[in-house]
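Observations on the three-dimensional arrangement
Take a look at the letters that make up each chain.
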Amino acid sequence: MFHKKRKMMSAYNPETHIPVIRCSICNGEQVAGFQEITTGKFTDICLIKDEKDLLTFRNEYGIRDGQEIKKIY
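Our subject in this report is the structure included herewith. (Residues numbered from 1 in each chain as written. Predicted model: local features only at pLDDT ≥ 70, side-chain atom pairs only at ≥ 80, totals over all residues. Heavy atoms only, no water.)

1. Regarding the overall build of the chain
What the chain contains, in helices and strands, is 1 helix and 4 strands. Put simply, the chain runs from its N terminus to its C terminus through helices and strands in the order β-β-β-α-β. Here the chain holds 73 residues, and 36% of them are scored as buried. In the chain, the proportion of contacts linking residues at least 24 apart, taken out of those at least 6 apart, comes to 40%. Accessible area for the chain stands at about 5,200 Å²; split by element, carbon and sulfur atoms hold 52% of it. (Helix = DSSP H or I, 4+ residues; strand = E, 2+ residues; numbered from the N terminus. Buried < 20%, exposed > 50% of the residue type's maximum accessible area, 1.4 Å probe, protein only. Contact = heavy atoms within 4.5 Å. Areas by Shrake-Rupley, 256 points an atom, 1.4 Å probe, with all protein chains shown as cover.)

This is the structure:
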């Protein structure tokens with residue numbers, strides 16, 4: 001699956017969105033993004049190929065190291 005290099009979400013509001021990683025059960029691809037709490041709609045932000053990509057995602061959106069990022073399938 002091809003993704004654009006990186007999308008920027010204008011603002012991450014923890015009251016309306018939660019950070020998640022969407023994982024493919026077929027090929028193991030992982031995409032980081034945000035899920036709306038009320039509707040469950042997923043907005044993809046970037047492809048996660050390694051720990052460096054995950055760290056970049058965390059840093060760009062201020063997600064603390066101790067804060068869990070839920071995985072959805």
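2. Topic: the environment of valine 20
Along the chain, the position of valine 20 falls in strand E1 (residues 17–23). Each C-alpha atom, one on valine 20 and one on lysine 70, is 4.9 Å from the other, the two residues being 50 residues apart in sequence.

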